[in-house]
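An overview of the molecular structure
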Amino acid sequence: MGEGGTGGIGEFLQSRRARIKPADVGLPGLGRRRVPGLRREELAQLAGVSIDYYTRLERGRARNVSDAILDAIADVLRLDGIERQHLRDLARPGGTAPRPRETSESRTARSRVRPGLARLLEMMDSVPACVMGRRTDILAYNAMADALYGFSAMPGRHRNAARHTFLHPGVQTFYADWPDVAEEAVAFLHLDAGRHPHDPRLAALIGELSLESTTFRTLWARHPVRDKTYGTKRLHHPVVGDLELAYETLLLPGDADQCLVTYTPAAGSASEERLQLLASWQASTTPPVDAYDNADQAH
C-alpha cells in the first residue's frame, strides 16, 4: 500500500531511517540535515540499489520486490526479526494472489471462539484469561478476566484492548505503566496492519483512535512494531489495589488470528492474595460469565 492507509511502507521506512545516525554506518555527518538519520540516497547506496528504485519502494510503488533487496535494506536499518517480517508484509501487501472478498459470514467465522476453548476459559477459575483476535478485539473471556478488566461492561465493538487502552476513562490510573502499554498496543496494531493491509474495520479503528487520542496519533507516526508475547502488567484495580501480573500470549495453531492471553501472579505474593480477594468479590457481586456466549456475540 502507499504512504497513507493503516500504516504504509513509507511511514515505516522513514521512521527507521531516522533511527540510524550517519556515523553508525560509517558516513561522515557533514552539513545540516533537514531530517534526522539517513537520507534516502544514503540508504539506497548502502543497500546497493538505485535511488530511483528505493524512492519507488518507499512510496509504495515498487512491484515484485526481491528478498535480497529487502534483506539488504533491513541490514542497513538494523531491523530485528519482527521488523524484517513487517517490512516484507508492507512491501508485498496481500501477496501475489488476489484476496477473496470478505463477507459477514467469513468475519463471523474468524471471530468465533471454538467451544472447547471457551470451555477451557470457564474452567480457568483462578487465572484471568481471554481470547484476543484481529485488531486486538476481545473475543471471549472468563470471570476472572471480567473482574480484572470489566469486559462485560464494554458492549459490542468497544470490547477491544487498544480502544480500552486509549479511550477508557481512568485508564492511565489503571495501568501503572500506561505509556508502555500504549506503545505495545500501537506496535501490535501496526503488525496487524502489515499482515492485513486492506481491512476496513482496522482502518476505521485506527481512524477513530487517531481522532480521539493525541497520544495514539504520536505513537502511530513513530511506527513501533512488536508482537504481543509475554511480559508483566502492573495494574491499580479500583477494588483490590495494586497488582503485578505476568502475562503469557499463547498462539492457537488452529486459529491463526486468535491467541489466548493469561495473567498470573507470583506464588505467595501480595498480588496473589489480592487476586484471590478479587475472585471472591467477583463471585459475590456478579452472575457467572459464560465465555462461549460472549464469544459468539462479540461481533
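An account of the accompanying structure is given in this report. Everything quoted here is computed from the prediction, not taken from an experiment. (Residues numbered from 1 in each chain as written. Predicted model: local features only at pLDDT ≥ 70, side-chain atom pairs only at ≥ 80, totals over all residues. Heavy atoms only, no water.)

Focus on the packing of helix α1 (residues 9-17) against helix α3 (residues 51-58)
Keep this limit in mind: For helices, the fitted axis covers only the stretch in contact; all axes are lines through C-alpha atoms, and the angles between them, taken along N-to-C directions, range from 0 to 180 degrees. Helix and strand definitions here come from DSSP, where helices need a minimum of 4 consecutive H or I residues and strands a minimum of 2 consecutive E residues; each element is numbered from the N-terminal end. Should any heavy atoms of two residues lie within 4.5 Å, those residues are considered in contact. Note on residue classes: Ala, Val, Leu, Ile, Met, Phe, Trp, Tyr, Cys and Pro are nonpolar, Asp, Glu, Lys and Arg are charged, and everything else, Gly too, is polar.
Their axes nearest at 7 Å, the elements α1 and α3 cross at an angle of 120°. Counting all contacts with α1, which are made through Ile9, Gly10, Leu13, Gln14 and Arg17, the residues of α3 involved are Tyr54, Leu57 and Glu58. Partitioning the contact of α1 with α3 into residue classes produces four nonpolar, two polar and two charged.

A short note on the pattern of salt bridges
Going by this rule: Throughout this description, the term salt bridge denotes a Lys or Arg side-chain nitrogen within 4 Å of a carboxyl oxygen of Asp or Glu. Per-residue accessibility, obtained with a 1.4 Å probe over protein chains only, is compared with the maximum for each type, and a residue is labelled buried under 20%, exposed over 50%, and partly exposed between these values.
Applying the stated criterion across every chain yields a total of 22 salt bridges. With its nearest N and O atoms 2.7 Å apart, the salt bridge here joins Arg88 to Asp71. Remark: Asp71 occurs in helix α4 (residues 67-77) and Arg88 occurs in helix α5 (residues 81-91); sequence separation between them is 17 residues. We classify Asp71 as partly exposed; its relative accessible area is 27%. Its salt-bridge partner being Asp192, residue Arg134 comes within 2.8 Å of it at the nearest N-O pair. Pair noted here: Arg134 is in the loop between β1 (129-132) and β2 (138-141) and Asp192 is in helix α11 (residues 178-195), with a separation of 58 residues, a long-range link. For Arg134, a relative accessible area of 9% gives the class buried. A residue is classified by how much of its surface remains accessible, and Asp192, at 6% relative accessible area, is buried.

Concerning the sheet that holds strand β4 (residues 241-251)
To keep it simple, the criterion reads: Strand pairing is defined by DSSP finding a minimum of two bridges between the two strands.
Read from one edge of the open sheet, five strands run β2-β1-β5-β4-β3, paired in antiparallel fashion. On the outer flanks of this sheet lie β2 and β3 (230-237), each paired with one strand and no other. For this sheet, the mean angle separating the axes of adjacent strands, direction not counted, is 30°. Of the pairings in the sheet, the one linking β3 to β4 comprises eight bridges and is antiparallel in character. Bridging across to β4, His237 finds its partner in Gly241. Helix α14 (residues 270-285) rests against β3 and β4 of the sheet, and its axis sits at about 85° to β4.

Describing the environment of Arg134
Defined as follows: Under this definition, polar contacts are N or O atom pairs within 3.5 Å; protein pairs additionally need one hydrogen-donor-capable and one acceptor-capable atom, and for neighbouring residues in sequence, both atoms have to be side-chain atoms.
C-alpha separation for the pair Arg134 and Arg201, spaced 67 residues apart in sequence, amounts to 9.8 Å. If we skip the residues at most four places from it in the chain, Arg134 touches Asp192, His196, Asp199, Leu202 and Asp257. Engagement of the side chain of Arg134 in a polar contact is seen with the side chain of Asp199, the distance being 2.5 Å.

Let's talk about the side chain of Thr165
As for its placement among the helices and strands, Thr165 is situated in helix α9 (residues 161-167). Ignoring any residue separated from it by four or fewer positions in sequence, one finds Thr165 in contact with Val171, Tyr175, Trp178, Val181, Ala182 and Ala185.

Overview of empty space enclosed by the protein
Using the following cut-off: Note on definitions: the grid is 1 Å and covers protein atoms alone; a cavity is a set of points where a 1.4 Å probe fits but cannot get out; a pocket is an open set with protein on both sides within 12 Å along at least five of seven lines; lining residues have an atom within 4 Å of a point. Grid points are joined across faces, edges and corners, and a volume is the space filled by probe spheres set on the points.
Going through the model one piece at a time under the given rule, you end up with two cavities of 30 Å³ or more. Taken as a whole, the largest cavity spans an internal volume of roughly 260 Å³. Secondary-structure elements contributing two or more residues to the lining of the largest cavity are β1, α9, α11 and β5 (259-264). Tallied by class, residues from the lining of the largest cavity come to 13 nonpolar, four polar and three charged.

Some thoughts on α4
Restricting attention to buried positions, one finds in α4 the residues Leu70, Ala72, Ile73, Ala74, Val76 and Leu77. Summarising the contacts, the buried residues of α4 are in contact with α1, α2 (40-47), α3 and α5. Phi turns positive, to about 55°, at Arg78, one or two residues after α4.

A word on the packing of aromatic side chains
Here a ring pair, both rings aromatic, is described through the centre-centre distance and the interplanar angle of the planes. The cut-off we apply is this: Classification of ring pairs uses Phe, Tyr and Trp, with its six-membered ring standing for Trp, and accepts pairs whose centres are within 6.5 Å; under 30 degrees between planes counts as stacked, over 60 as edge-to-face, and the remaining range as tilted.
Per the stated rule, a full pass over the model turns up nine aromatic pairs. Between the aromatic rings of Tyr141 and Phe151, the centroid separation amounts to 5.3 Å while the plane-to-plane angle is 45°, which identifies the pairing as tilted. Placement of the pair is Tyr141 in strand β2 and Phe151 in the loop between α8 (143-149) and α9, with a sequence separation of 10 residues. Of the two residues, Tyr141 and Phe151, neither departs from the other in class, the shared state being buried. Seen in terms of ring centroids, Tyr149 and Phe151 are 5.4 Å apart; in terms of plane orientation they differ by 20°. Their pairing is stacked.

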